[in-house]
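Below are the chains, spelled out letter by letter.
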Amino acid sequence: MKKILILFTCLIPFTGICQDNLKLWYKQPAKVWTDALPLGNGRLGAMVFGRVNQELIQLNEATLWSGGPVRTNVNPDAYANLLLAREALFKEEDYAKAYNYAKNMQGYFSESYLPLGDLTITQDLKDTVPSAYYRDLNIKNAISTTRYTINGVTYTRQVIISAPSQVIVIHLTASKTGQLSFKVGAGSLLMHNMAILPGNQLAIKGKAPAHDDPNYVDSANPITYDVTGCKGMRFQLQIKAVSKDGKISADTTGVTVKNATEATIFLSAATSFNGFDRCPVSEGKDEGKIAGDYLKKASAQGWSTLLAAHYADYHHFFNRVSFKLAAPADNSNASLPTDERLVAYTSGAKDPDLETLYFQYGRYLLISSSRTKGVPANLQGIWNKELRPPWSSNYTTNINTQMNYWPAEVANLSEMHEPLISFIKNVAVTGRRTAKEFYHAKGWVLHHNSDIWALTNPVGDKGKGDPTWANWTMGSPWMSQHLWWHYQYTKDKKYLREVAYPLMKGAAQFCEDWLVPDKDGYLVTAPSVSPENAFFDDKGKKGSVSIATTMDMSIIRDLFGNVIAAANELGDDKAFRDTIIAKQAKLYPFHIGKKGNLQEWYKDWEDPEPHHRHVSHLFGLFPGNQISPINTPELTAAAKKTLELRGDEGTGWSLAWKINFWARLLDGNHSYKMIKDLLRATAVSGTKYSGGGGSYINLFDAHPPFQIDGNFGGVSGMAEMLLQSQNNEINMLPALPDAWATGEISGLKARGNFEISMRWKDMKLTSASVLAVVGGKCSIRTSQPIKVAGVSAVSKKTANGYVTAFNTQAGGRYKISSTI
Ligand code: FUC
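*Asks:* What am I meant to see in the side chain of arginine 577 here?
*Replies:* In this structure, arginine 577 sits in helix H15 (residues 574–586). By relative accessible area, which is 17% here, arginine 577 ends up buried. If sequence neighbours within four positions are ignored, arginine 577 has contacts with Ile564, Ala567 and Asn568.

*Asks:* I would appreciate a short explanation of the sheet that holds strand E37 (residues 812–818) in the present structure.
*Replies:* Each strand in a sheet pairs with another by means of backbone hydrogen bonds, the pair being arranged parallel or else antiparallel. Spatial strand order, E19-E30-E31-E32-E37-E34: 6 strands in an open sheet with antiparallel pairing. At either end of the open sheet lies a strand with only one pairing partner, and these are strand E19 (322–325) and strand E34 (786–788). Within this sheet the neighbouring strands show an average axis-to-axis angle of 20 degrees, counted without direction. As judged from the 4 bridges shared by E19 and strand E30 (residues 743–750), these two strands associate in the antiparallel manner. Looking at the pairing, serine 322 lines up with serine 746 of E30. Packed onto the sheet, helix H7 (residues 352–369) meets E19 and E30 and runs at close to 165 degrees relative to E19.

*Asks:* Teacher, can you tell me more about the site of the ligand here?
*Replies:* With respect to spatial proximity, the complete set of residues near the ligand consists of Leu379, Trp391, Thr396, Asn400, Glu532, Arg613, His614, Trp653, His703 and Gln707. For the ligand, an oxygen atom lies 3.1 Å from a polar atom in the side chain of asparagine 400. In this structure, glutamate 532 approaches the ligand through a side-chain N or O atom, which is 2.3 Å from an oxygen atom. Contact with the protein chains covers 97% of the free accessible surface of the ligand, which is 280 Å². Residue composition of the shell around the ligand, by class: 3 nonpolar, 5 polar and 2 charged.

*Asks:* I would appreciate a short explanation of the confidence of the model for the chain in the present structure.
*Replies:* A low pLDDT means the predicted coordinates there should not be read in detail. Averaged over all residues, the pLDDT of the chain is 95; the fraction at 70 or higher stands at 96%. pLDDT under 50 marks residues 1–19. Its contacts with residues more than four places away, or in other chains, come to 26 contacts. Low confidence marks residues 684–691, where pLDDT is under 50. Its contacts with residues over four positions away, or in another chain, come to 22 contacts.

*Asks:* Help me out: how do you make sense of a nonpolar patch on the surface in this one?
*Replies:* A surface patch of nonpolar side chains, amounting to about 270 Å² of accessible area, comprises Met191, Tyr225 and Val227. Relative to the elements of secondary structure, tyrosine 225 occurs in the loop between strand E14 (223–224) and strand E15 (234–242). Overall, the relative accessible area of 30% leaves tyrosine 225 in the partly exposed class.

Analysis parameters
- Residues numbered from 1 in each chain as written.
- Predicted model: local features only at pLDDT ≥ 70, side-chain atom pairs only at ≥ 80, totals over all residues.
- Heavy atoms only, no water.
- Helix = DSSP H or I, 4+ residues; strand = E, 2+ residues; numbered from the N terminus.
- Buried < 20%, exposed > 50% of the residue type's maximum accessible area, 1.4 Å probe, protein only.
- Contact = heavy atoms within 4.5 Å.
- Pairing = 2+ DSSP bridges.
- Axes fitted to C-alpha atoms, helices over the stretch in contact; angles between N-to-C directions.
- Near = heavy atom within 4 Å.
- Polar contact = N/O pair within 3.5 Å; in protein donor to acceptor, adjacent residues only side chain to side chain.
- Areas by Shrake-Rupley, 256 points an atom, 1.4 Å probe, with all protein chains shown as cover.
- Nonpolar A, V, L, I, M, F, W, Y, C, P; charged D, E, K, R; others polar.
- pLDDT = per-residue confidence, 0-100.
- Patch = residues over 30% accessible without salt bridge, like charges linked within 9 Å, V, L, I, M, F, W, Y side chains within 5 Å.
- Salt bridge = Lys/Arg side-chain N within 4 Å of Asp/Glu carboxyl O.

Here is the structure:
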């Protein structure tokens with residue numbers, strides 16, 4: 001009887017196969033956008049609604065943004081105001097005055113990431129209510145399926161976005177001969193016209209706006225077009241249908257397929273974007289030819305050929321990591337459709353499979369949104385339906401863009417980090433100009449917003465932005481952490497020498513000039529903000545612009561440490577390294593406040609908003625490595641106190657950050673609590689901008705609204721619970737929660753380019769393996785003694801577990817077993 005029951009809970013409608021845990025599936029079509037299912041090849045994106053008589057697929061192309069190359073010399077008054085702001089801060093301690101001067105140091109707002117268009121597939125059906133319905137997203141294969149039965153005919157639509165072929169492919173079948181008749185239509189919110197191309201192809205030819213104001217700016221004319229100038233790239237979407245037995249025709253209203261049994265729709269899109277510094281109009285790419293060439297090549301291949309190439313490409317990345325947790329006694333939640341499953345989980349049902357699904361979904365989303373050079377995943381990855389998306393769907397660099405890339409290395413998707421690295425190269429070019437023009441400083445600067453044009457100025461439309469966010473200056477040192485991480489995980493010296501080090505050095509040069517001495521001789525930043533928080537100063541006045549926030553100092557300390565390590569690694573640039581060593585020693589240090597917390601500000605000020613979503617002053621705990629229970633117990637206790645005072649509530653990304661923090665504090669159960677909060681079902685169409693973070697039913701992170709950083713921060717946090725590798729040692733199972741007492745994970749990466757697999761039972765590591773991709777010394781921390789087969793390892797017992805060190809050969813695989 002028991003066996004039969006298990007069999008039945010495994011059945012999914014139609015497929016007749018046992019549900020593995022790598023699917024999101026539903027018994028009804030998407031009503032709203034956050035019910036729809038995302039597909040992407042890192043450039044083209046689609047949100048599949050899975051509707052019956054009129055399918056809706058919302059489309060994106062990663063390079064489709066408003067605007068054009070950034071302007072230069074936008075604020076010649078900035079430097080004079082910098083000097084005034086410093087005088088107000090140091091001489092008068094007048095924070096309100098400094099705030100106003102900071103406003104005078106602003107440039108223009110970033111541009112916006114735009115939706116490409118909507119595709120509709122309208123079926124010629126007499127009856128539109130299906131007798132059976134199923135839709136899913138299989139993240140193991142990166143394919144979505146919609147299937148329903150109407151009048152005895154089962155219709156199936158499968159959608160993939162192929163990276164090898166650079167097209168979206170929709171494959172449609174009917175279970176009875178000749179029963180498939182439909183019309184494909186398309187539209188765009190952007191300026192466009194429809195055209196018919198030879199071979200019954202439909203095209204949308206369009207143009208992006210010259211400027212698109214952020215959604216939080218009240219403006220009478222937020223979207224402007226420029227028909228002749230360099231602002232506003234062109235784009236093209238081309239659509240073609242192929243069918244063996246159906247009859248195909250097309251006009252400007254759509255492509256019609258009649259009486260087919262099987263048909264394939266190909267979508268190809270491109271923009272004229274030709275780099276951040278090129279005019280997308282006169283120097284733009286030939287978007288029509290690019291889209292046309294992809295379409296021609298792909299449509300000459302059959303569905304099964306395209307599918308095989310798509311699987312091979314996707315599996316190459318996705319299959320590197322597998323993650324399984326032991327099922328609880330009652331695992332019935334796992335067989336529910338994803339929306340019901342999320343709701344049941346939110347009400348307390350145990351569902352470890354949903355947690356591992358969420359982890360793998362984040363990896364899926366990174367593979368699907370981050371494969372375009374110079375164009376990293378933005379606030380919404382590559383999925384956006386709105387003309388004025390939340391916060392312009394841009395790059396927000398005071399936490400969000402970086403969080404997108406926290407899992408890239410540890411989750412074994414190093415290649416997906418490259419779009420960010422190439423973007424950093426671009427912002428270093430514009431940032432050098434901004435540093436010089438705004439601050440008369442060397443090196444390169446990046447403020448809290450950027451876009452595809454590598455904008456680096458402080459935003460705010462010259463005085464309209466709140467300096468609390470607009471005038472944050474630490475983008476270049478924080479971005480440099482990613483350059484260094486990529487090296488730490490790959491150990492690619494050529495990359496370090498040629499790409500990373502010069503960029504890191506440029507960021508350090510900016511910091512050298514940006515730092516000024518305070519009255520005690522410490523090097524401090526001024527003006528300085530702690531994103532996007534405020535304080536009550538000594539006189540009880542609310543302010544936000546001050547001196548040497550803990551975040552600023554922590555980020556600079558992180559960069560300086562990494563620059564010193566990089567110079568040592570390269571055995572080069574000794575003189576510069578030595579100046580940085582000297583400056584590092586003079587940086588304003590951490591302070592522990594009267595509440596036992598890590599101070600956020602230069603002084604021990606009170607918080608007007610104690611539960612603020614940003615926890616910027618804990619940068620040194622994560623993503624930094626300056627605070628750790630093993631090396632700095634006092635600061636660790638202060639960091640813990642800070643988190644307790646901040647509380648567990650927050651936006652999606654704030655919850656995700658806290659998973660990582662608690663993992664670094666080695667408190668797996670608190671991390672797990674934050675996972676549960678991040679995975680709580682949230683309203684489908686909420687637009688509240690703070691508080692109430694969670695997940696939509698398509699498992700997109702809800703800030704709310706949708707923001708993808710929480711998905712990625714969540715993956716990183718889960719990985720940090722299982723494996724950490726900062727400070728020259730690999731910590732296995734550092735923050736295992738009771739709820740994950742038994743499980744296994746394979747393929748995570750540790751710094752030093754080690755690939756790690758681990759199994760554990762009843763909270764204890766049972767076995768592990770280390771693949772030393774490039775070789776070198778390997779130090780492993782575990783809570784119990786371990787044995788490494790075939791090598792002489794040196795083991796020592798410490799206050800925080802056992803450390804076992806051994807030398808590895810490149811390509812060597814080392815088997816580890818527990819000795820208890
Ligand atoms: C920062 C955050 C907001 C939001 C925005 C995109 O400004 O404070 O919560 O995530 O970025």
